[in-house]
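So you can see what is in the structure, the chains are spelled out below.
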Amino acid sequence: MRQARLTYCGNVHAAPDLEGCLAALREHTAPVAAAARARGRPFGIGAWWPAPLAEQLAADPAAHARFAAALAELELPLWTLNVFPHGDFHGPVVKTAVYQPDWADEARLAYVRTCAEVAAGLVPPGTVLPLSTLPLGYAGPGAVAPDLRRMARNLARCASAFAALFDRTGVCCVLALEPEPDCRLETVAATADFLERWLFDEAAWTTVPEAVLRRHLGLCVDLCHLAVVGEDALAALADLERRGIAVPKIQVSACLEVRAPEGLDRLLAFDEPRYLHQTAAANGLRAPDLAAVRAQRDAFAAAGRIRSHYHVPLYWDEAGAFGSTQAEVAAVLRGLVAAGRPLPLLEVETYTWGVLPDLVRETTLAERLQRELDWAAVQLGLG
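So, a few notes on the structure that sits alongside this text. Quantities reported herein were computed from a predicted structural model and do not represent experimental measurements. (Residues numbered from 1 in each chain as written. Predicted model: local features only at pLDDT ≥ 70, side-chain atom pairs only at ≥ 80, totals over all residues. Heavy atoms only, no water.)

Time to look at the overall build of the protein. Per the secondary structure count, the protein includes 14 helices and 13 strands. Taking 21 Å as the expected radius of gyration for a compact globule of 383 residues, we find that the protein reaches 20 Å, a close match to that expectation. In terms of overall dimensions, the protein has C-alpha extents of about 60 × 50 × 45 Å along its principal axes. Expressed as a percentage of the 383 residues in the protein, the buried residues total 60%. Restricting to contacts in the protein with at least 6 residues of sequence separation, those with at least 24 account for 81%. Of the roughly 14,400 Å² of accessible surface on the protein, a fraction of 54% belongs to carbon and sulfur atoms. A distance of 3 Å separates the average location of the 35 positive side-chain charges in the protein from that of its 45 negative side-chain charges. (Helix = DSSP H or I, 4+ residues; strand = E, 2+ residues; numbered from the N terminus. Rg over C-alpha atoms; globule rule 2.2 N^0.38 Å. Buried < 20%, exposed > 50% of the residue type's maximum accessible area, 1.4 Å probe, protein only. Contact = heavy atoms within 4.5 Å. Areas by Shrake-Rupley, 256 points an atom, 1.4 Å probe, with all protein chains shown as cover. Lys, Arg positive; Asp, Glu negative; His and termini not counted. Charge placed at Lys NZ, Arg CZ, Asp CG, Glu CD.)

Within strand S3 (residues 78-82), 5 of the 5 residues are buried, which leaves the element mostly enclosed by the surrounding structure. Where strand S2 (residues 45-47) and S3 come together, 3 bridges link them in parallel fashion. Across the sheet, residue Gly 46 finds its bridge partner in S3, namely Thr 80. A crossover links S3 with its parallel partner strand S4 (residues 128-133), the connecting element being helix H4 (residues 106-120), and its sense is right-handed. (Pairing = 2+ DSSP bridges. Right-handed = clockwise from strand over helix to strand, strands pointing away.)

Turning our attention to the sheet that holds strand S10 (residues 286-287). In sheet architecture, strand pairing relies on hydrogen bonds along the backbone and comes in two forms, parallel and antiparallel. Read across the open sheet, the 5 strands follow the order S10-S9-S11-S8-S12; overall the sheet is antiparallel. Every interior strand has two partners, whereas the edge strands, S10 and strand S12 (322-324), have only one. Two elements, strand S8 (residues 254-258) and S12, share 3 bridges in a ladder whose sense is antiparallel. Bridge pairing in S12 places Glu 257 opposite Gly 323.

Next up on the list: the layout of surface pockets. In this structure, the largest pocket encloses a volume near 390 Å³. As for the largest pocket, its lining consists of 17 residues, and the residues nearest its centre are Glu 241, Val 247, Arg 341, Pro 342 and Pro 344. For the lining of the largest pocket, the element with the most residues is helix H9 (residues 233-243), which contributes 5 residues. Put simply, the second largest pocket is a space of about 150 Å³. For the lining of the second largest pocket, the class distribution of residues is 8 nonpolar, 3 polar and 3 charged. (1 Å grid on protein atoms, 1.4 Å probe; cavity = no way out; pocket = protein on both sides within 12 Å on 5 of 7 lines; lining within 4 Å. Points joined across faces, edges and corners; volume = space filled by probe spheres on them. Nonpolar A, V, L, I, M, F, W, Y, C, P; charged D, E, K, R; others polar.)

Taken as a whole and assessed by the stated rule, the structure comprises 13 aromatic pairs. For the pair Phe 270 and Phe 322, a centre-to-centre distance of 5.6 Å together with 50 degrees between the ring planes defines the contact as tilted. Note that Phe 270 is positioned in the loop between helix H10 (264-268) and strand S9 (279-281) and Phe 322 in strand S12, a separation of 52 residues in sequence. With respect to burial, Phe 270 and Phe 322 carry one shared label: buried. Here the aromatic residues Trp 48, Phe 89, Tyr 275 and Tyr 351 are joined through ring pairs into a cluster of three or more. Geometry around Trp 79 places Arg 5 over its ring, the cationic atom sitting 5.6 Å from the centre. (Phe/Tyr/Trp six-rings, centres within 6.5 Å; stacked < 30°, edge-to-face > 60°. Lys NZ or Arg CZ within 6 Å of the ring centre and 35° of its normal.)

A word on helix H1 (residues 18-38). The terminal C-alpha atoms of H1 lie 28 Å apart, and with 21 residues this matches the ideal 30 Å at 1.5 Å per residue to within 8%. Its axis deflected by about 40 degrees at Thr 29, H1 carries its strongest bend there, up to four residues before the proline Pro 31. On its buried side, H1 packs onto strand S1 (6-8), S2, helix H2 (51-59), helix H3 (61-73) and helix H14 (365-380). Looking at the residues trailing H1, positive phi occurs at Gly 40, about 85 degrees. (Expected span 1.5 Å × (residues − 1). Bend = angle between axes of the 7 residues up to and from the residue.)

Once that is clear, we can look at the packing of helix H13 (residues 326-339) against H14. Close contact between H13 and H14 brings their axes to 8 Å; oriented N to C, the two are set at 50 degrees. Overall, the two elements H13 and H14 adopt an arrangement that is oblique. Across from Gln 326, Val 329, Ala 330, Leu 333, Arg 334 and Val 337 in H13, the residues of H14 making contact are Trp 375, Ala 376, Gln 379 and Leu 380. Looking at the contact of H13 with H14 residue by residue, the classes come out as 7 nonpolar, 2 polar and 1 charged. (Axes fitted to C-alpha atoms, helices over the stretch in contact; angles between N-to-C directions. Parallel < 35°, antiparallel > 145°, perpendicular 65-115°, else oblique.)

What follows deals with the side chain of Ser 308. Looking at the secondary structure, you find Ser 308 in strand S11 (residues 306-312). Separated by 3.0 Å, the side chains of Ser 308 and Thr 279 make a polar contact. Dropping the residues within four chain positions of it, Ser 308 is found in contact with Val 228, Cys 255, Leu 256, Leu 267, His 277, Gln 278, Thr 279 and Leu 290. (Polar contact = N/O pair within 3.5 Å; in protein donor to acceptor, adjacent residues only side chain to side chain.)

Right, let's get into the sheet that holds S1. One open sheet holds the 8 strands; their spatial order is S1-S13-S7-S6-S5-S4-S3-S2, and the pairing between them is parallel. The open sheet has two edge strands, S1 and S2, and neither has a second partner. Adjacent strand axes in the sheet meet at a mean angle of 30 degrees, parallel and antiparallel pairs treated alike. Bridging between strand S5 (residues 172-177) and strand S6 (residues 217-222) involves 3 bridges; their strand directions are parallel.

Here is the structure:
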């Protein structure tokens, strides 16, 4: 059986504190892990710690020890971290707040460094630990002009801190920028260009050696995000390989797709107040959220295929005018296997269960997560 690391992202759990995090691990993650192991697949966690929890784990040795003991008891090794959402990711309204603080802000750097320090104490030496983060900041309506030099400087400082952590612990943390629609870096190509121009190229950033930057900075490729902006994932991954840019993690995710005008009202029924759902049509028409699509309904009805940044269960799709990009996700996973190269860590990221319309009938979140992982495993030939 082909070996791969396949997990799900812990940002699905509203776990603002240690008690909530431990409860989620016991109630949801442990059953998912047991099911994966029963199918012959290893399992480790994709963690998300909001800033207050990360700070507690860093500052309180007893809390850190308790968390480590729970991971050992439940047989849940730490495989990766999502350090994109800094604060409350399950509040009534998240929207653009998820992009704050951005990479120009010292608070973003401090948060990521804290998460890395905590994580390094939970994994053995020799571990390569991907940490996925926002693509610099938000660039949609109302966003202020970015200070790209300051952002690059903070990324370089992060890489330098990761290098010192590696020297001290033997744990290699890799910060993976995650391109997203309407962000400063919304495509893989733009992210690679930014890393090369502002960080990797000789004299672009002189305070940290290029080798250190390349070892500790890379990309997280989210398949939902790429589908919305129309970027070919396999071609993008091949380009990153040619450039020598690390891809320590791929987020396996599907988005909503309108294939004919009669499917548009189905899409609009997904409009909800918590998360941002950037939307793009085949003719280039864009909207920052589904409410804006509703306001331009006639234009979108004539715009061709429409895709919206709304993570939906991997195993869900419908034939006809409305469904998901499930077939495209399957093609990417099969293409990765066909390429014959070692697979990056694969993290299923459907965090929208709390706002999804009634698409599925499973009784527990663990069953839903397990079904998603099983679907992805089949595409990968993992049994």
